[in-house]
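What follows is each chain in one-letter form.
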Amino acid sequence: MGAHRRKCDWCGSGTPIVRDMEPINTAYQYWCEECARALIIKGDPIETYRELEGEPIYGRLLEEHCTLKRFYQFVTA
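Residues numbered from 1 in each chain as written. Predicted model: local features only at pLDDT ≥ 70, side-chain atom pairs only at ≥ 80, totals over all residues. Heavy atoms only, no water.

Engineer: Can you walk me through the overall build of the chain in this structure?
Structural biologist: In terms of helices and strands, the chain carries two helices and four strands. Each helix and strand of the chain, ordered N terminal to C terminal, gives the series β-β-α-β-α-β. Residues classed as buried in the chain amount to 35% of the 77 residues present. Across the chain, the fraction of contacts at a sequence separation of at least 24, relative to all contacts at a separation of at least 6, is 46%. When the accessible area of the chain is evaluated, it comes to approximately 5,200 Å², of which 49% is carbon and sulfur surface. (Helix = DSSP H or I, 4+ residues; strand = E, 2+ residues; numbered from the N terminus. Buried < 20%, exposed > 50% of the residue type's maximum accessible area, 1.4 Å probe, protein only. Contact = heavy atoms within 4.5 Å. Areas by Shrake-Rupley, 256 points an atom, 1.4 Å probe, with all protein chains shown as cover.)

What follows is the structure, given as structure tokens:
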């Protein structure tokens, strides 16, 4: 399945913007913007991730909504 056809693993309808590179549950690797924002706000952000849209959308979400001061790792390959 191509990246343009993939849907968010959580809601099943959104277009993924980020991939969790070290998921606890492999059924939930790809997250749309709304579900990724909800994870951050809940306090369970993705720590090792890859942006999928070529823009740092998830990185901006972390900056805007993350109150934790942990180190997050952007994976390029």
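Engineer: Any chance you could explain the environment of R19 here in plain terms?
Structural biologist: Mapped onto the elements of the fold, R19 is located in strand β1 (residues 16-20). Its relative accessible area of 23% is what places R19 among the partly exposed residues. Dropping the residues within four chain positions of it, R19 is found in contact with Q29, Y30, T48, Y49, R50 and L52. Engagement of the side chain of R19 in a polar contact is seen with the side chain of Q29, the distance being 2.9 Å. (Polar contact = N/O pair within 3.5 Å; in protein donor to acceptor, adjacent residues only side chain to side chain.)

Engineer: Just to check I follow, could you spell out the side chain of D20 for this structure?
Structural biologist: Considering the arrangement of structural elements, one finds D20 in strand β1. Within the buried set, D20 has no salt-bridge partner at all; the shortest N-O distance to an opposite charge, 7.8 Å, is to R19. At a separation of 3.0 Å, a polar atom in the side chain of D20 contacts the main-chain amide nitrogen of E22. Not counting residues within four places of it along the chain, the set of residues in contact with D20 comprises Y28, Q29, W31, I46 and T48. (Lys, Arg positive; Asp, Glu negative; His and termini not counted. Salt bridge = Lys/Arg side-chain N within 4 Å of Asp/Glu carboxyl O.)

Engineer: Explain the nonpolar core to me, please; I cannot follow it from the model alone.
Structural biologist: In summary, soluble globular proteins display a tendency toward joint burial of nonpolar side chains. V18, W31, I46 and Y58 are the most contacted members of the largest nonpolar core, which totals 16 residues. Mapped onto this core, the elements with two or more residues apiece are β1, β2 (30-32), α1 (33-42) and α2 (57-65). (Core = buried A, V, L, I, M, F, W, Y, C linked by side-chain atoms within 4.5 Å.)

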